[in-house]
Amino acid sequence: MTRAGRRQRRTERLALPGVLTAGQAARTVDAVLAVQRPDGAIPWFTGHHLDPWDHIEAAMALDAAGEHDAAEAAYDWLVRHQDADGGWFAAYQDGDAARPADRSRESNFCAYLAVGAWHHYLSTGDDPFIERIWPAVAAAVGFVLALQQPGGQIGWKREAAEDGGGIVTDALLTGSSSVHQALRCALAIAEHREEPQPDWELATGALGHAIRRHPERFLDKSRYSMDWYYPVLSGALRGPRALARIEEGWSRFVVPGLGVRCVLPNPWVTGGESAELALALWAVGESDRAVRILADMQHLRADDGLYWTGYVFEDDAVWPAERTTWTAGALLLAVAALGGDEATTAVFGAERLPNGLAPGCCPPRL
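Residues numbered from 1 in each chain as written. Predicted model: local features only at pLDDT ≥ 70, side-chain atom pairs only at ≥ 80, totals over all residues. Heavy atoms only, no water.

Within an unreviewed UniProt entry, the label attached to the protein reads Prenyltransferase, and the organism entered is Actinacidiphila bryophytorum.

Structure representation (structure tokens):
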């Protein structure tokens, strides 16, 4: 059997009627692999920059497609290029570690290694991998928690050294929600290794409380669809409150037949937000609506299997003229969750992830 044939067999579990065939999924995986550099880096597209968060999202999609060696190479790239304090730059030109394009370091970018590492372990059962990557995960968590504010929210980033290297204390709801998921995954890794982290538990509990109860602690970015669904996608909100939040924003952000707006009032739907909303819908039991959103965004699919970033529907124009690995990654992860992939459902379903300690609780005596 040819390599393409083997890949298509592995992507049969990513087939979703009305959305993606196994062959189409294999073509999408091939397209992501074609962008990945020999050193493991996965930029947005060839010639553009890599940011750590989107690099990890693409790596997770490769694991969901059974491309575990390629995913491991992506994580190894992060380990090799981690700063001494546990962070990474926000952008690297064409995935070249020697050419940082943005020397600030964003909290959710750095935290997300824990999500990818736990997803890779659940996909492979590779104990040597989780032991090898643990120091990098622990260092990244340390970097991020140094940015946590007294109210539990996480400061957006640390400025570049040439700009003073100070902490930007303003917190983003989307970013902090992503960090919350990452901290829970980091706690799962620590629990797996039988190495309790009570400080992380307290930090996770305080952050979750801020997300659920104190919207005033975050910058107002309510025009952006990510701020609408990310508390649900990350697992910080579940149950009736999560469903109520989805309903509250549905008519504002969802464009029937096209997907999800990125930002109001712009007539612009984007593939990444559409796929992530589908993943959030799956997580709260709304699988039918999730499939419908994924089907609606297929107008963004290109012949090479990647997806255009967005579409301006008032002008009937694809914009920007780019096809990104992270948009394809988000689509593949949503399809994997709907198909019951165990690693993806565990990370985004979040039922079995540690919750942290609620504010006011004491850490367990060690």
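**Student:** Any details on the overall build of the protein? Residues and values, ideally.
**Tutor:** Helix and strand content of the protein: 15 helices and 11 strands. Compactness check: the protein gives a C-alpha radius of gyration of 19 Å against a globular reference of 21 Å for 366 residues, within 12% of the reference. For the protein, the residues scored as buried account for 60% of the 366 residues in total. Put simply, of all contacts in the protein between residues at least 6 apart along the chain, 65% involve residues at least 24 apart. Counting only carbon and sulfur atoms, one obtains 51% of the accessible surface of the protein, whose full area is about 14500 Å². (Helix = DSSP H or I, 4+ residues; strand = E, 2+ residues; numbered from the N terminus. Rg over C-alpha atoms; globule rule 2.2 N^0.38 Å. Buried < 20%, exposed > 50% of the residue type's maximum accessible area, 1.4 Å probe, protein only. Contact = heavy atoms within 4.5 Å. Areas by Shrake-Rupley, 256 points an atom, 1.4 Å probe, with all protein chains shown as cover.)

**Student:** Which residues make up unusual backbone geometry, and what are the values?
**Tutor:** Negative phi values dominate among residues other than glycine, just as trans dominates among peptide bonds. Here the bond from L264 into P265 is cis, since omega is 0°, no more than 30 degrees from zero. Cis geometry marks the peptide bond from W319 to P320, where omega comes out at -10°. Its location among the elements puts P320 in the loop between β11 (317–318) and α14 (325–338). At E194, a residue that is not glycine, the phi angle is positive and equals roughly 55°. Relative to the helices and strands, E194 resides in the loop between α8 (173–192) and α9 (198–213). Classification of E194 as exposed rests on a relative accessible area of 72%. Even without being glycine, D316 reaches a positive phi, approximately 50°. When you line up the elements, D316 lands in the loop between β10 (310–312) and β11. Classification of D316 by relative accessible area gives exposed; the value is 59%.

**Student:** Go over the environment of L50, please, and point to the residues and values.
**Tutor:** Within the secondary structure, L50 is located in strand β1 (residues 49–50). Residue class for L50 comes out buried when judged on its relative accessible area of 0%. As for L50 and D94, which are separated by 44 residues in sequence, their C-alpha atoms are 6.0 Å apart. Here L50 is in contact with A41, I42, P43, H55, W77, A90, A91, Y92 and G95, once residues within four sequence places are set aside.

**Student:** Before we move on, could you go through the pattern of salt bridges and cite the residues and values that matter?
**Tutor:** Following the criterion strictly, the structure yields 13 salt bridges and no others. Across the salt bridge formed by E195 and R193, the nearest N and O atoms sit 2.5 Å from each other. Look at E195 and you get partly exposed, because its relative accessible area is 32%. R193 gets classed as partly exposed once you look at its relative accessible area, which sits at 21%. (Salt bridge = Lys/Arg side-chain N within 4 Å of Asp/Glu carboxyl O.)

**Student:** Explain helix α6 (residues 113–124) to me, using residue names and the numbers behind them.
**Tutor:** Its 12 residues place the ends of α6 16 Å apart at the C-alpha level, agreeing with the 16 Å of an ideal helix rising 1.5 Å per residue. Counting buried residues along α6, 9 of its 12 residues qualify, which places the element largely inside the surrounding structure. Every buried residue of α6 is listed here: L113, A114, V115, G116, A117, W118, H119, H120 and Y121. In the segment just after α6, G125 is the residue with positive phi, at about 65°. (Expected span 1.5 Å × (residues − 1).)

**Student:** Could you give an account of the sheet that holds strand β8 (residues 259–261), naming the residues involved and the relevant values?
**Tutor:** Within the open sheet, the 5 strands sit side by side as β7-β8-β9-β10-β11. Their pairing is antiparallel. At either end of the open sheet lies a strand with only one pairing partner, and these are β7 (254–255) and β11. Pairing geometry for strand β9 (residues 268–270) and β10, over 3 bridges, is antiparallel. Looking at β10, one finds that V269 is bridged to Y311. The sheet contacts of helix α12 (residues 271–283) involve β7, β8 and β9, and relative to β9 the element is tilted by about 60°. (Pairing = 2+ DSSP bridges. Axes fitted to C-alpha atoms, helices over the stretch in contact; angles between N-to-C directions.)

**Student:** Kindly report on the state of the cysteines, identifying the contributing residues and their values.
**Tutor:** Inspection of the entire model under this criterion finds 0 disulfides. For C110, which is in no disulfide, the shortest distance to another cysteine sulfur is to C185 and amounts to 16 Å. A relative accessible area of 0% places C185 in the buried class. (Disulfide = S-S within 2.5 Å.)

**Student:** For the packing of aromatic side chains, give the residues involved together with the corresponding values.
**Tutor:** This structure, assessed with the given rule, holds 11 aromatic pairs. Measuring from centroid to centroid gives 5.7 Å for W134 and W200, while their planes differ by 45°, and the two rings are tilted. One end of the pair, W134, is in helix α7 (residues 127–145); the other, W200, is in helix α9, and 66 residues separate them in sequence. Like W134, the residue W200 is buried in the burial classification. One aromatic cluster is present, built from ring pairs that chain together W228, Y229, Y230 and F253. The ring of W250 has R289 lying over it, and the distance from NZ or CZ to the ring centre is 4.4 Å. (Phe/Tyr/Trp six-rings, centres within 6.5 Å; stacked < 30°, edge-to-face > 60°. Lys NZ or Arg CZ within 6 Å of the ring centre and 35° of its normal.)

**Student:** Before we move on, could you go through the packing of α6 against α7 and cite the residues and values that matter?
**Tutor:** It is at 10 Å that the axes of α6 and α7 come closest, and there the two elements cross at 175°. Classified by the angle their axes make, α6 and α7 are roughly antiparallel. Two secondary-structure elements touch here, α6 through L113, A114, A117, H120 and Y121 and α7 through D127, F129, I130, I133, A136 and V137. A breakdown of the residues in the contact of α6 with α7 according to their chemical character gives 9 nonpolar, 1 polar and 1 charged. (Parallel < 35°, antiparallel > 145°, perpendicular 65-115°, else oblique. Nonpolar A, V, L, I, M, F, W, Y, C, P; charged D, E, K, R; others polar.)

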